[in-house]
Structures are given as structure tokens and as C-alpha cells.
There are 2 protein chains.
Amino acid sequence: MPEQNNSNLHAMKVTCSNCTLRELCLPIGLNREELSQLDAVIRQSRRFRRGDYLFRSGEPFKSLFAIRTGFFKTCMSSQDGREQVTGFHMSGELLGMDGISANVHGCDAIALEDSEVCELPFSRMQCLSREIPSLQHHFYRLMSREIVRDQSIMLLLGNMKAEERLAAFLLNVSQRLATRGFAANDFILRMSREEIGSFLGLKLETVSRTLSKFQQQGWITVDHKHIQLVQPEALKALISGCTHAHQHA
Amino acid sequence: MPEQNNSNLHAMKVTCSNCTLRELCLPIGLNREELSQLDAVIRQSRRFRRGDYLFRSGEPFKSLFAIRTGFFKTCMSSQDGREQVTGFHMSGELLGMDGISANVHGCDAIALEDSEVCELPFSRMQCLSREIPSLQHHFYRLMSREIVRDQSIMLLLGNMKAEERLAAFLLNVSQRLATRGFAANDFILRMSREEIGSFLGLKLETVSRTLSKFQQQGWITVDHKHIQLVQPEALKALISGCTHAHQHA
DNA sequence: CGTGTTCTTGAGGTCGTTCAAGTTAGGTGG
DNA sequence: CCACCTAACTTGAACGACCTCAAGAACACG
């Protein structure tokens, strides 16, 4: 089994200035000069295979990572060893922001499919963001967005029932895929039932049962990891109109 | 009922340079010059009575707020109106960071006791942080810390049982009070059972029952809002040694 | 001293978990 | 190609943790 040498792939010229994810990942309105400054700081994309660690909890924090292509999960584990998936991450998203506070990564980031990632050395980005105000603001916004995201997950974990959690999850995936130009109502889940459960604070059996229930209702079709949203409105109603659903169920 | 005019209090000169919370709230190692720049930007402290809103979800975001004295809760509500307490906040902590992403406050912040707050106009802080690198880094660190905090709450909500949640909560409060020079094992809770429950994803009855259980075990004493941690180690064991506790319970 | 709010405690019900068995998909080697 | 194997998933049944509903107690406030 010879080791593959994809030197032609690694030589591929990847820069921010020609990156298709610019709108997702960078502030709008950077000029040529500023873009080339960025290109100088950002390390060309690295490839990861399914199962590879992008970083591990406890490793020294040096860089943020922007996902160019692929799919990641982040996991935290508590003192006593219990693990929890804290997020699923798609192209254009930034990983590692939790490492800034203690200069140590606070979670594991693991590729759920073959992926490509740009490395943003944090201290150099910090310097650059002093020169480019819109970049500084963009970073604050990204971190703030992460806070908002985490808090809405807290709301989900604290208040919602299993069906509502799953509905919210499916709609969230759907919406993020749509943002990236993929089909909103027909997609392949990249993660296992167990990982979904861990993320949603449920057991894998409950995830499975609930997906089956949705299918029986005719709201979705489930074929292993292939999901189709047949009646996304029904899922939305589950979340926003819980009081209703609760009454007549 | 005449309106009190505490002009002497309001006239009190409150500046970062003479603030006792400097270590909690500001980066270390600022020089005189930099401190006076800060003082120029930060609005003198404002007072809030128990129940007052510091800001409301949906209001335009303009400033971050640093708690000088007092105690706040932050609440989010979902589309359908369900509320959840997303955090309790003590002196030296910064509120409003979730508003940066969308320029709109994403939660309510409500005083749980009479409090005093400094206002940090965000855009001016942004400018200042460009001139003072350690300030910029400090803000990144604070936001990162908030992300870490939120994720550990996600872990709590996703994985832990009622007893473990409550134990973690009590130890967290205790530790933060200790940081501020208060007694770690003898304190008054500022929030109701319902608010604790909302924060921990439990009903108020469960909070009450679990506190009683802890008291029966001799781990704590509960007298309404007055809590004493008699055996904090027992609570710690509950969290870190759950596998153990689980086996012999 | 009465009123309303917060808290405690009990009893019964529900949702999600646990445990267990069975199914399917994908990979490996004969 | 098929038999085999493992991992991931599905489904059922019983249990348990937490919730719901309800009543009573303790306290705060006027």
C-alpha cells in the first residue's frame, strides 16, 4: 500500500483573494492591497481525511482554522470523561475561537469527511486586524456569532423536547446547506445517530425513534443518512408553535 | 415618597484607573497614559435597582457593560416565547457581547440586586483597542471565555443529571464569590429557585427537592436563599466521580 | 395582621433512557 | 461471488428521572 503523493494537489494555489468562500469567511469590502496582506498571513490550505484531528483539547492554541471544504465536529469532554459534541461545522466557518482565552484548545475538532482547512495564525491575524479595522470588527462579529449560536443551543438543551430538538437540528442543517448553495431539502447527514444524539443531549435510540416518527408522519424521508425534508413547514411548526402542538397532541 | 437625589453618589469619581476591579475587568500592565485614555471613553457608572433592565433583547447594540457591583441575570426567549436564563453575572464581568454579531442585543439583562454598571461604547473601544494591543487581545480573550463558559453549560445541560447540575452550579457560584473575596462556603443566592431551574434546565420543584436532598446528606445547609457548603468535596465528587457515585448509589 | 409570592413536599404521570434483540450496510477474505 | 463480520441503525419493553399537579408552609410587604 504505497503512500500517495499528491504533490500536484498540494501545489494548488489557494489564496483568500481567489477563494469562493470570501463572503462567508471574510469581511466585505477589502481592497486588493488588504487581500494580499491576508494572503501573506494565511497558511495555504491543508487536507484532512475523515477521522483526522484538526486540533485536540489541551494542545497549545496558535491558530484559528477556516474550513474551506468538508465537515467537522467539535467535542468537549468533562473532567470525568463524558464526551459531548458541541457543534458541527461546515465550509466557511471558523474553528478554535475557544482556545483564545487560555491559549489552549478547549475542545477536539475532528473531520467527519475529507476536508480542506486554512490556518490563520492568531497573533499575526491580531496584528493585521489592527491595520484593517473592518477585519478587526469581523473577528469580533464572528466570535459574537459563536456566542449567540451557543446560547441558542443552551435554549434548545434546556427547554425543548426530543422532537423539537431534532426538528430544530434538521432545519438548521438544511438552512446552512442552502446558504452554501446545496439543496435545502435533500441531503446526506455526515454524522452518526450517536453524534447527533450527543449534540442534542439525547441517546442515539431516541434520535432514531424520532426520525422514524417524523417519517411516519410524512414530514421527512429517512434512508440511513440520506434525509429529505418533505414538509419542512411541519418541522417549523413543531418548534415555533410548540404550545399548539402540545395541546392537540 | 420623595425621589431620592443621591447627587453626592452620582458625583463619585469612578474611573478605571482607581477601580478595584481592574484585575478582573482590564488587561494587566496598562500604563497611566493608556488608563486615562480608557477613562475618557468609558461612561461613568450607572445605577440599577433590582428588577431594572440593563438592556433588552432586540434593542440596538451600542455598548458593552461592565458590572462594578451587583448581580445580573441574562435571559433569552425563543420564537414561541419560552424563556431561559442563560447566565448569572457578577462584578467584573462583561455583558452584551452577544449583541456585536447583529448589532442588536440578543438577550435581556436584568438586575437581581441593586447594581452599578460601567458603559463601554463599543465602537470607541474598538478604536482604542487598535491603539492598545493588549486591550484588543483582552477583548478577544473575554469573548473567548464567554464561548468556553457557554460550551461548558452545554455540556452540563446535555449530559448531567439534576443532582450533578445543581452541584456544579453551587460550586461555580462559590468559586466566583471566592475570586471576589467573599466567603466561598457561606453565601446568599441572589436568584429564585425558578431562575436557577431555568438556568439548569430543571423545574423549580426539582431544584428545591435536590437542595433538600443535599441538606439531608449533610453536604449543605439551606435556609431559604442562604446556602452553606458544609462538604464541598462531596459536591465535587458528585461531578467528577459520577461513574463512582452512580455505581454505589 | 392579612395578602401575595416563594418555597417545600407529596403523589402520580410522562418522556426519554436502558437493556436487549434483530436488521441492514459495507468491508474483507476465502 | 458469497460467506462472514463488524459497525451503525432500528425497534420493542420495562424502568426511572424528572415533570406536573396540588396542597400546605414560610416569609416579605404593606
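Per chain, residues are indexed from 1 in the order of the written sequence. To read the labels, note that chains go from A and ligands from 1, taken in the order they are written. Per-residue local features are limited, in this predicted model, to residues with pLDDT of at least 70; the limit for side-chain atom pairs, both in listing and counting, is 80 or more; totals at the level of whole chains, interfaces and linings are taken over all residues. Only heavy atoms go into the side-chain values, all of them from the structure, while hydrogens and water stay out.

Caption draft 1: Structural view of helix α7 (residues 193-200) of chain A. All names here are of chain A. For α7, the complete set of buried residues consists of E195, I196, G197, F199 and L200. In the core, the buried residues of α7 are packed alongside β4 (71-77), β5 (83-90), α5 (133-159), α6 (162-179) and α8 (204-216). The numbering of helices and of strands both runs from the N terminus, where a helix is a DSSP run of H or I of at least 4 residues and a strand a run of E of at least 2. Taken from the residues just after α7, G201 is the one with a positive phi, measuring 70 degrees. Three exposure classes are used, based on accessible area relative to the maximum for each residue type with a 1.4 Å probe and protein chains only: buried under 20%, partly exposed in between, and exposed over 50%. In what follows, residue pairs with any heavy atoms lying within 4.5 Å of each other are defined as contacts.

Caption draft 2: Layout of the state of the cysteines. Here, a disulfide means two cysteine sulfur atoms that sit within 2.5 Å of each other. In the structure shown here, the tally under the stated rule is 0 disulfides over all chains. You can see C19 of chain A has no disulfide; the closest cysteine sulfur is in C118 of chain A, sitting 6.2 Å from it.

Caption draft 3: The interface of chain B and chain A, seen in detail. Contacts between the two partners involve 46 residues from chain B, matched on the other side by 46 residues from chain A. Two parts placed together each lose some accessible area under a 1.4 Å probe, and adding up what both lose gives the buried area. For the pairing of chain B and chain A, the buried interface totals around 4600 Å² over both sides, and the portion due to carbon and sulfur atoms is 60%. Sorting the residues of chain B by area buried against chain A places R82, Y140 and M154 of chain B first, and these three jointly supply 17% of that buried surface. A pair is scored as a salt bridge if a Lys or Arg side-chain nitrogen falls within 4 Å of a carboxyl oxygen belonging to Asp or Glu. Inspection of the chain B/chain A interface yields 2 salt bridges.

Caption draft 4: Representation of the sheet that holds strand β4 (residues 71-77) of chain B in the model. Residue and element names in this part refer to chain B. Each pair of strands is called paired provided DSSP finds at least two bridges between the two strands. Strand order in the open sheet made by the 4 strands is β2-β7-β4-β5, with antiparallel pairing throughout. Two strands lie at the open edges of the sheet, namely β2 (53-55) and β5 (83-90), each paired on one side alone. Recorded for the sheet is a direction-independent mean angle of 30 degrees between the axes of neighbouring strands. Note: β2 against strand β7 (residues 108-111), 2 bridges, orientation antiparallel. For helices, the fitted axis covers only the stretch in contact; all axes are lines through C-alpha atoms, and the angles between them, taken along N-to-C directions, range from 0 to 180 degrees.

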